[in-house]
Amino acid sequence: MRTVELVCSPALEAAVRAAWERLAAAGLPSLAGNTHPTNRPHLTLAAVDDFPPGAAARLGALFAEVLPLPVKLVDLQVLNGSAPLVWSIRPDPSLTALHAAVWEVLRDADGHHPWHSPGRWRPHISLALRFRNADAALARAVVGADGPAGSFVAGRTYHSVDRSVTPLC
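Here goes a summary of the coordinates provided. Bear in mind the structure is a predicted one, so any value in this text is a computation, not a measurement.

With respect to the side chain of His-124
Inference 1: Along the chain, His-124 falls in strand 5 (residues 124-132).
Inference 2: Relative accessible area serves as the criterion here: at 19%, His-124 is assigned to the buried category.
Inference 3: A polar contact of 2.7 Å, which involves the side chain of His-124, links it to the backbone oxygen of Arg-122.
Inference 4: In this structure, His-124 is in contact with His-42, Leu-43, Leu-79, Val-86, Trp-87, Ser-88 and Ile-89, ignoring residues within four places of it in sequence.

Written as structure tokens, this is what we have:
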């Protein structure tokens, strides 16, 4: 699988990593424990089995036109009741347009993963995986319900087979 992701400005990344650390210090699940070099706060825009020819270059050009893109992380929630703990992002028109443009670039890609598709996408930055909804109140007390503001400053792709990342701009 190949993803298309936006990465955070240094200040936003530091704020998310600090939340990871506070969760871990409280004994809650957290992405702080994932020490793989590719693990960093990001927003996934799309996931496909593989890119069609020329897609990486087209995505890079698209990102170069619109980034940096301001963002505000809003409410803390557990997706689906027992899954990732996330800070949701209320997408503004610029982010929504970028998301649609990414999907247009990947229109001919093999193996679209629908959870990121327009109409189903729930933009967020993950704080923990396999989180229980029962612990959400404690997480809000530890992390704070109101998320930080910042910007997305670059794009990348993650390749799940070899666990590598490649900058897109």
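Additional details are given in the paragraphs that follow.
Considering the packing of helix 2 (residues 55-66) against helix 3 (residues 93-105)
Inference 1: It is the contact of helix 2 with helix 3, at a shortest axis distance of 10 Å, that shows an interaxial angle of 165°. On the basis of the axis angle, helix 2 is roughly antiparallel to helix 3. The crossing of helix 2 and helix 3 is right-handed. On helix 3, the residues that touch Ala-55, Arg-58, Leu-59, Leu-62, Phe-63 and Val-66 of helix 2 are Leu-98, Ala-101, Val-102 and Val-105.
Inference 2: The residue inventory of the contact of helix 2 with helix 3, partitioned by class, reads 9 nonpolar, no polar and 1 charged.

Examining the pattern of salt bridges
Inference 1: The final tally for this structure, using the stated rule, is 7 salt bridges.
Inference 2: Here Arg-2 makes a salt bridge to Asp-50, at a shortest N to O gap of 3.7 Å. Of this pair, Arg-2 sits in strand 1 (residues 2-8) while Asp-50 sits in the loop between strand 2 (42-48) and helix 2, and the two are 48 residues apart along the sequence.
Inference 3: Arg-17 serves as the salt-bridge partner of Glu-13, at 2.9 Å between the closest nitrogen and oxygen. Of this pair, Glu-13 and Arg-17 both sit in helix 1 (residues 10-25), separated by 4 residues, roughly a single helical turn.
Inference 4: Accessibility expressed as a relative area gives 13% for Glu-13, which makes it buried.
Inference 5: Here the salt bridges share partners, and the residues they tie into one network are Glu-13, Arg-17 and Arg-40.

Brief notes about the pairing of strand 2
Inference 1: Counting buried positions along strand 2 gives 6 out of 7 residues, so the element sits mostly inside the fold.
Inference 2: Bridge analysis of strand 1 against strand 2 gives 6 bridges, and the strand direction is antiparallel. Bridging from a neighbouring strand, Val-4 pairs with Ala-46 of strand 2.

Cut-offs applied
- Residues numbered from 1 in each chain as written.
- Predicted model: local features only at pLDDT ≥ 70, side-chain atom pairs only at ≥ 80, totals over all residues.
- Heavy atoms only, no water.
- Helix = DSSP H or I, 4+ residues; strand = E, 2+ residues; numbered from the N terminus.
- Buried < 20%, exposed > 50% of the residue type's maximum accessible area, 1.4 Å probe, protein only.
- Polar contact = N/O pair within 3.5 Å; in protein donor to acceptor, adjacent residues only side chain to side chain.
- Contact = heavy atoms within 4.5 Å.
- Axes fitted to C-alpha atoms, helices over the stretch in contact; angles between N-to-C directions.
- Parallel < 35°, antiparallel > 145°, perpendicular 65-115°, else oblique.
- Left-handed = near helix turned anticlockwise from the far one by under 90°.
- Nonpolar A, V, L, I, M, F, W, Y, C, P; charged D, E, K, R; others polar.
- Salt bridge = Lys/Arg side-chain N within 4 Å of Asp/Glu carboxyl O.
- Pairing = 2+ DSSP bridges.

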